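Below, each chain spelled out in residue letters.
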Amino acid sequence: MILILLLNCNKVFILYTDLQVQDHQSPTSAMASFRGLGHVDSHQDILTVKYLLTNPVANVSAASESASSSELPLPARSKRSRRARKKRIACAPDLIELEMQIIQDKTALHSRKGDTGSVVWKASVDLAFSILQHERFPSTLHPFLDLTQLKNAHLLELGSGTGILCVALSPFVRNYTCTDLPDLLPLIHKNLVLNFPEWPQDSNISLTPLDWVELQNTSPSNRSRVFNFNPVDLILVVDCIYHPSLIPPLLATIDYIAIPNVTTVLVVVELRAEDVIRDFLSCWLNVPAWEIWRIGKGGDAIMKRPYAMWVGMKHTGR
């Protein structure tokens with residue numbers, strides 16, 4: 001793992017300043033800067049998520065190059081078609097097409113207070129694309145993605161939502177643990193069965209309820225009795241930072257699960273509210289024994305604006 005930039009909370013202001021400059025400089029800024037809250041399409045019961053991956057060093061056609069990104073959403077297929085293939089891969093040597101389908105619970109988004117995990121969010125789609133692209137066509141530009149280590153890793157995702165990242169990335173890790181509030185587990189269950197019909201038989205995917213607030217409110221002496229996880233190599237936190245009240249329980253959960261000098265934490269955020277991101281980073285820096293780095297900058301960024309990424313690791317003896 002290569003850690004590129006030591007975190008300084010003053011950098012948060014620069015992040016948002018750069019974001020505004022890029023929006024104004026873009027000829028399509030009016031369209032590009034409007035993303036809504038960041039979900040893909042909350043009106044669809046089933047999203048068809050399509051990825052077109054291209055070899056960056058190959059001489060592909062301009063049409064293929066322009067399509068080498070995630071495209072969302074596509075019309076949902078019939079039930080018969082969905083059963084026939086959970087994920088289609090059509091490929092030429094330098095162009096690979098992957099497709100998956102994700103069930104959403106659009107009713108829960110509007111009826112359950114605070115429920116944001118029942119629909120697909122762009123940050124998860126775009127992170128999956130970045131990792132899938134690197135897995136198919138490895139690049140030296142993103143050395144933090146050590147695919148060899150990833151294959152032997154236990155990845156635990158906080159706030160799995162619909163389970164889209166698990167569907168996309170679980171084939172590349174040893175074990176993948178999805179966690180979220182109990183009310184969201186049935187939706188993740190549906191998407192795992194849809195995309196992996198034999199699940200949970202002979203699967204590396206596990207599904208576990210996890211309420212950050214409940215963990216925070218449980219005394220440290222009793223946490224291991226209530227919340228028990230196999231050792232985790234990578235904690236994935238994607239677009240979970242949006243409300244100040246959730247920052248302390250999220251950090252308590254990360255601090256509890258992380259094994260010093262072993263567990264890496266990868267946090268991906270969509271830059272929305274500057275004060276919330278600043279509060280999260282300030283609070284994380286104040287948790288004892290943690291070291292945090294910003295990943296990627298400028299042209300070397302793994303995910304472009306409006307995203308930012310941080311890596312953290314807990315150390316002993318600090």
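Residues numbered from 1 in each chain as written. Predicted model: local features only at pLDDT ≥ 70, side-chain atom pairs only at ≥ 80, totals over all residues. Heavy atoms only, no water.

Some thoughts on the packing of helix α12 (residues 247–257) against helix α13 (residues 274–286)
Here comes step 1: Where α12 contacts α13, the two axes come as close as 10 Å, and the packing angle between them is 40°. On the basis of their axis angle, the class for α12 and α13 is oblique. Handedness of the crossing formed by α12 with α13: right-handed. Here I247, L250 and L251 of α12 lie close against α13, whose contacting residues are V276, D279, F280, C283 and W284. (Axes fitted to C-alpha atoms, helices over the stretch in contact; angles between N-to-C directions. Helix = DSSP H or I, 4+ residues; strand = E, 2+ residues; numbered from the N terminus. Parallel < 35°, antiparallel > 145°, perpendicular 65-115°, else oblique. Left-handed = near helix turned anticlockwise from the far one by under 90°. Contact = heavy atoms within 4.5 Å.)

With respect to helix α6 (residues 122–136)
Here comes step 1: Across its 15 residues, α6 extends 21 Å between first and last C-alpha, which sits within 8% of the 21 Å expected from 1.5 Å per residue.
Here comes step 2: With respect to burial, α6 is a largely interior element, eleven of its 15 residues being buried. (Expected span 1.5 Å × (residues − 1). Buried < 20%, exposed > 50% of the residue type's maximum accessible area, 1.4 Å probe, protein only.)

With respect to the pattern of salt bridges
Here comes step 1: For the coordinates displayed, the defined rule picks out eight salt bridges.
Here comes step 2: Between R272 and D239 there is a salt bridge whose closest N-O contact spans 2.8 Å. Taken as a pair, R272 in the loop between β10 (264–270) and α13 and D239 in the loop between β9 (234–238) and α12 lie far apart in primary sequence, 33 residues in all.
Here comes step 3: Residue classification places R272 among the partly exposed positions, given a relative accessible area of 31%.
Here comes step 4: One network of salt bridges, in which partners are shared, links D239, E270 and R272. (Salt bridge = Lys/Arg side-chain N within 4 Å of Asp/Glu carboxyl O.)

Describing α13
Here comes step 1: For α13, with 13 residues, the first-to-last C-alpha span of 18 Å sits near the 18 Å given by 1.5 Å per residue.
Here comes step 2: Buried within α13 are the following residues: V276, I277, F280, L281 and W284. End-on view of α13: buried residues confined to an arc of 130°, all on one side of the axis. (Arc of directions from axis to C-beta.)

What to know about the confidence of the model for the protein
Low-pLDDT portions of the prediction should not be read for the details of their coordinates.
Here comes step 1: Looking at the protein as a whole, its pLDDT mean stands at 80, while 70% of the residues score no less than 70.
Here comes step 2: Taken as a whole, residues 24–34 scores under 50 in pLDDT and shows three contacts with residues more than four places along the chain or in a different chain. (pLDDT = per-residue confidence, 0-100.)

Brief notes about the environment of T48
Here comes step 1: Here T48 is to be found in strand β2 (residues 46–54).
Here comes step 2: Distance in space between the C-alpha atoms of T48 and I102 is 6.5 Å, their sequence separation being 54 residues.
Here comes step 3: Separated by 3.3 Å, the side chains of T48 and Q101 make a polar contact. (Polar contact = N/O pair within 3.5 Å; in protein donor to acceptor, adjacent residues only side chain to side chain.)

Looking at the packing of aromatic side chains
Here comes step 1: Throughout the structure, instances matching the rule amount to three aromatic pairs.
Here comes step 2: Consider the rings of F280 and W284, whose centres lie 5.5 Å apart with planes at 45°: the pair is tilted. With F280 and W284 both in helix α13, this residue pair falls four residues apart, about one helical turn.
Here comes step 3: Taking relative accessible area as the criterion, F280 reaches 1% and is therefore assigned buried.
Here comes step 4: Geometrically, the ring pair formed by W284 and W290 is tilted, given 5.7 Å between the ring centres and 55° between the ring planes. The exposure classification of W284 matches that of W290, with both residues buried.
Here comes step 5: Aromatic ring contacts, followed pair by pair, group F280, W284 and W290 into a single cluster. (Phe/Tyr/Trp six-rings, centres within 6.5 Å; stacked < 30°, edge-to-face > 60°.)

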